[in-house]
Amino acid sequence: MTQQHPPRSHAIRSRVRSYSRAGGRLTDAQTRALERYGSRYVIDVPRADAIRTVDPAFRLAPASVFGHVGLLRPLIVEVGSGAGEAILAHAAAHPGVDHLAVEAWETAIARIVAGAARLGLRNLRVVPADAAQLFATALPVGCASEVWVFFPDPWRKPRHRKRRLVNITFADSVARVLRPGGVWRMATDWADYAWQMRDVLEEVSALPEGVEADSTGPYFRYPDAGARADLGSDTAEEGSPGNGFDPGSPAGVRGGWSQRYEGRVLTRFEDKGIRAGRTIRDLTAVRTGEIWVAPRRQAVAF
Ligand SMILES: C[S@@+](CC[C@H](N)C(=O)[O-])C[C@H]1O[C@@H](n2cnc3c(N)ncnc32)[C@H](O)[C@@H]1O
């Protein structure tokens, strides 16, 4: 017999998500960590219509979450923290910086909470939400000094590429959330995704089409545009989808890779990529002082 779904569940299924799982079976220790420390570390997010969605009316004020309204402390927002290796280490080493880990997967959320409790962190919270929605409406404009996207799910198959997090629409949301001078850091071990990220950064650091040079500027500077064009070409293998020669951007530029961000500890995902012989590519963009205006670009498919 055909399974019946209420009309709403079809809408939920048809939403493009960059994560493959939200729920998950927790170990006893993870369940205990959430029970014991969840109220300290996990931010309660009102939902729109399903797990990990964000009610568009929800506003998350980081300063009040961390209990220092009126103080402008640096804030790092990491998207897709996984087990939290990078953000936990950074938070422990930088007590004067606030950290938000945005994560969709329950098991990962529990691991970050357990880690934060073990380290006794006061400068980290976990936001259990789809970052694409959270960035678009809930976080205040200009609240973050850095946004990190390290080793996002690569969605390798061509038919799945529309699920990749980093696209023009998401870049606009990152511009919304970053302060002037704020830094967007990305890294991936998947060449094809690195080139997609590079193409996105090139596009958002150029003047929007049809806009006069003296009326408004781009939201980002891309200081390493075209840099290290040969990175990984020595390890490229014919026909390998995970490593390859840079095909060049739509503007014909190759490269665009930053030096490895020294504030990132080696995560399991990065290690796995290195062991598999893949090239790790870092990308960096800097938010300009241009005032953010609600979407002036349409999403384009990559
Ligand atoms: C491949 S893992 C990388 C984890 C970590 N950054 C690292 O380097 O080890 C990607 C993570 O991003 C999470 N994720 C994917 N899309 C997301 C989204 N839209 N919002 C929040 N988390 C997301 C997934 O649940 C997963 O834990």
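Not measured: the values here are computed from a predicted model.

Asker: Explain the site of the ligand to me, please; I cannot follow it from the model alone.
Answerer: In the neighbourhood of the ligand, 19 residues make up the surrounding shell, with Ser18, Gly80, Glu103, Asp130 and Phe150 lying closest. Contact distances for the ligand include 3.4 Å between a nitrogen atom and a backbone N or O atom of Ala129. Between the ligand and Ala131 there is a distance of 2.9 Å, counted from a nitrogen atom to a backbone nitrogen or oxygen. Relative to its unbound accessible surface of 600 Å², the ligand loses 94% to contact with the protein. When each cavity is represented as a set of grid points, the ligand is found to reside in the largest pocket.

Asker: In this structure, what is going on with unusual backbone geometry? I would like to understand it.
Answerer: Glycine aside, residues mostly have negative phi angles, and peptide bonds mostly take the trans form. In this structure, Arg52 takes a positive phi of about 70° despite not being glycine. Structurally, the position occupied by Arg52 is in the loop between helix H2 (28-41) and helix H3 (62-65). Looking at Arg52, the relative accessible area reads 5%, which means it is buried. Backbone geometry places Arg228, a non-glycine residue, at a positive phi of 55°. Considering the arrangement of structural elements, one finds Arg228 in the loop between strand E6 (220-221) and helix H9 (268-275). Taking the relative accessible area as the measure of exposure, Arg228 reaches 34% and is therefore partly exposed.

Asker: What is the right way to look at the environment of Arg32 in this model?
Answerer: Checked against the element boundaries, Arg32 lands in helix H2. Its relative accessible area of 52% is what places Arg32 among the exposed residues. Put simply, Arg32 and Ala110 are 78 residues apart on the chain and 9.0 Å apart in space, counted from C-alpha to C-alpha.

Asker: Hey, could you run me through the packing of helix H6 (residues 131-138) against helix H7 (residues 168-177) in this one?
Answerer: Two packed helices can be described by the angle between their axes and the distance between those axes. One way to put it is that H6 packs onto H7 with a least axis distance of 8 Å and a crossing angle of 45°. As far as their axial angle goes, H7 and H6 are oblique. The way H6 lies across H7 gives a crossing that is left-handed. Residues Ala131, Ala132, Phe135, Ala136 and Thr137 of H6 touch H7, and the partners they reach there are Phe170, Ser173, Val174, Arg176 and Val177.

Asker: How should the sheet that holds strand E4 (residues 144-150) be read in this particular structure?
Answerer: A sheet is described by the order of its strands in space; here seven strands give the open sequence E3-E2-E1-E4-E5-E7-E6, paired in mixed fashion. Looking along the sheet, the strands with just one partner apiece sit at the ends: strand E3 (124-128) and E6. Inspection of the sheet shows E4 paired to strand E5 (residues 178-188) by six bridges, in the parallel sense. Paired with Phe150 across the bridge in E5 is Ala187. Set on the sheet, helix H4 (residues 85-93) makes contact with strand E1 (75-79), strand E2 (98-103), E3 and E4; between it and E2 the angle comes to about 170°. Contacts between helix H5 (residues 106-119) and the sheet are confined to E2 and E3, with E3 contributing the most and set at about 170° to the helix.

Asker: Got a minute to help me understand the packing of aromatic side chains in this structure?
Answerer: Each pair of aromatic rings is reported with the distance of its centres and the angle of its planes. For the structure shown, the criterion picks out six aromatic pairs. On the numbers, 5.7 Å between centres and 65° between planes, the contact of Trp148 with Tyr261 is edge-to-face. Highlighted residues: Trp148 in strand E4 and Tyr261 in the loop between E6 and H9, separated in sequence by 113 residues. Given the relative accessible area of 0%, Trp148 is considered buried. Taking 6.2 Å as the distance between ring centres and 35° as the angle between the ring planes, the aromatic pair formed by Phe150 and Tyr261 counts as tilted. With Phe150 in strand E4 and Tyr261 in the loop between E6 and H9, this pair connects stretches of sequence that are 111 residues apart. In this structure, Phe150 and Tyr261 share a single accessibility class: buried. Each member of the aromatic cluster is reached from another via a ring pair, and the members are Phe135, Phe170, Trp184 and Phe220. Geometry around Trp292 places Arg176 over its ring, the cationic atom sitting 5.6 Å from the centre. Positioned above the aromatic ring of Tyr261 is the side chain of Arg185, whose terminal nitrogen or guanidinium carbon lies 3.9 Å from the ring centre.

Asker: Help me out: how do you make sense of the layout of surface pockets in this one?
Answerer: The gaps left among the atoms become clear once a water-sized probe is rolled over them. If you add up the space inside the largest pocket, you get close to 1000 Å³. Residue assignment for the lining of the largest pocket shows that the elements contributing at least two residues are E1, H4, E2, H5, E4 and H9. A per-element tally of the lining of the largest pocket places H9 first, with four residues. Counted by class, the lining of the largest pocket contains 19 nonpolar, eight polar and 13 charged residues. Approximately 230 Å³ is the volume found for the second largest pocket. Listing elements by their share of the lining of the second largest pocket, those giving two or more residues are H6 and H7. Across the lining of the second largest pocket, the residue classes tally to four nonpolar, five polar and six charged.

So, how was this worked out
Residues numbered from 1 in each chain as written. Predicted model: local features only at pLDDT ≥ 70, side-chain atom pairs only at ≥ 80, totals over all residues. Heavy atoms only, no water. Near = heavy atom within 4 Å. Polar contact = N/O pair within 3.5 Å; in protein donor to acceptor, adjacent residues only side chain to side chain. Areas by Shrake-Rupley, 256 points an atom, 1.4 Å probe, with all protein chains shown as cover. 1 Å grid on protein atoms, 1.4 Å probe; cavity = no way out; pocket = protein on both sides within 12 Å on 5 of 7 lines; lining within 4 Å. Sits in = over half its atoms within 2 Å of the grid points. Helix = DSSP H or I, 4+ residues; strand = E, 2+ residues; numbered from the N terminus. Buried < 20%, exposed > 50% of the residue type's maximum accessible area, 1.4 Å probe, protein only. Axes fitted to C-alpha atoms, helices over the stretch in contact; angles between N-to-C directions. Parallel < 35°, antiparallel > 145°, perpendicular 65-115°, else oblique. Left-handed = near helix turned anticlockwise from the far one by under 90°. Contact = heavy atoms within 4.5 Å. Pairing = 2+ DSSP bridges. Phe/Tyr/Trp six-rings, centres within 6.5 Å; stacked < 30°, edge-to-face > 60°. Lys NZ or Arg CZ within 6 Å of the ring centre and 35° of its normal. Points joined across faces, edges and corners; volume = space filled by probe spheres on them. Nonpolar A, V, L, I, M, F, W, Y, C, P; charged D, E, K, R; others polar.

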